[in-house]
Amino acid sequence: MPPYGMILILYSKYWVGVGLLVSMAELVGPRLYSCCNCRTHVALHDDVISKSFQGKNGRAFLFSHTMNIMVGRKEDRQLMTGLHTVADVYCLDCREVLGWKYERAYEETQKYKEGKFILEKSKIVKENW
């Protein structure tokens, strides 16, 4: 919050005041994705690589990093883009299956997915938006 006595005017997405310009993101915090079941934070919006992926239950997002998740046992799975070694990922708090982690891609064109995470849109909710 502003120092005592400073007058601020909310203009669009910025706080404007005498010698002060702070974005709302700095006041509110980073945009996050949380588990749909327990609201545990699982990913940052800044870590979204793509929103054009397909999960088991519909649309899914590809993330470079996640947080507060557990990685399950590795298994080979035939996906739409070929054979991959993947591991399901679970919310650390409630154990909800949120998606999977790409451990290995067998096709050269799919190698960019290795070490990345799929979180299904239906399993996550937006926070601080």
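Keep in mind that what you see is a predicted model, and the values were worked out from it rather than measured.

(A) Region of the structure containing the nonpolar core. Formed by 14 residues in total, the largest nonpolar core has its most connected members in Tyr33, Val42, Phe63, Ile69, Leu98, Leu119 and Ile124. Every element with two or more residues in this core is listed here: β4 (32-35), β5 (41-44), β7 (58-63), β9 (82-91) and β11 (117-120). If we skip the residues at most four places from it in the chain, Val42 touches Tyr33, Ser34, Cys35, Thr66, Met67, Asn68, Ile69, Leu98, Leu119 and Ile124. In terms of nonpolar packing, the next biggest core, distinct from the first, is built from eight residues, Leu62, Leu79, Tyr102 and Ile118 among them.

(B) Just the pairing of β11, in detail. With burial as the criterion, each face of β11 is covered, one bearing Phe117 and Leu119 and the other bearing Ile118 and Glu120. Where β7 and β11 come together, four bridges link them in antiparallel fashion. Its bridge partner being in β11, Ala60 is matched across the sheet by Glu120. The pairing of strand β10 (residues 97-105) with β11 spans three bridges and is classified as antiparallel. Residue pairing in the sheet places Trp100 in a bridge with Ile118 of β11.

(C) Spotlight on the sheet that holds strand β6 (residues 48-55). Taken in spatial order, the six strands of this open sheet run β6-β7-β11-β10-β9-β8, and their pairing is antiparallel. Of all strands in the sheet, those with a lone pairing partner are β6 and β8 (69-79), marking the two edges. Pairs of neighbouring strands in the sheet enclose a mean axial angle of 30°, with direction left out of account. In the sheet, β9 pairs with β10 via seven bridges, with the strands oriented antiparallel. Residue pairing across strands places Thr85 opposite Arg104, the latter belonging to β10.

The rules behind these values
Residues numbered from 1 in each chain as written. Predicted model: local features only at pLDDT ≥ 70, side-chain atom pairs only at ≥ 80, totals over all residues. Heavy atoms only, no water. Core = buried A, V, L, I, M, F, W, Y, C linked by side-chain atoms within 4.5 Å. Buried < 20%, exposed > 50% of the residue type's maximum accessible area, 1.4 Å probe, protein only. Helix = DSSP H or I, 4+ residues; strand = E, 2+ residues; numbered from the N terminus. Contact = heavy atoms within 4.5 Å. Pairing = 2+ DSSP bridges. Axes fitted to C-alpha atoms, helices over the stretch in contact; angles between N-to-C directions.

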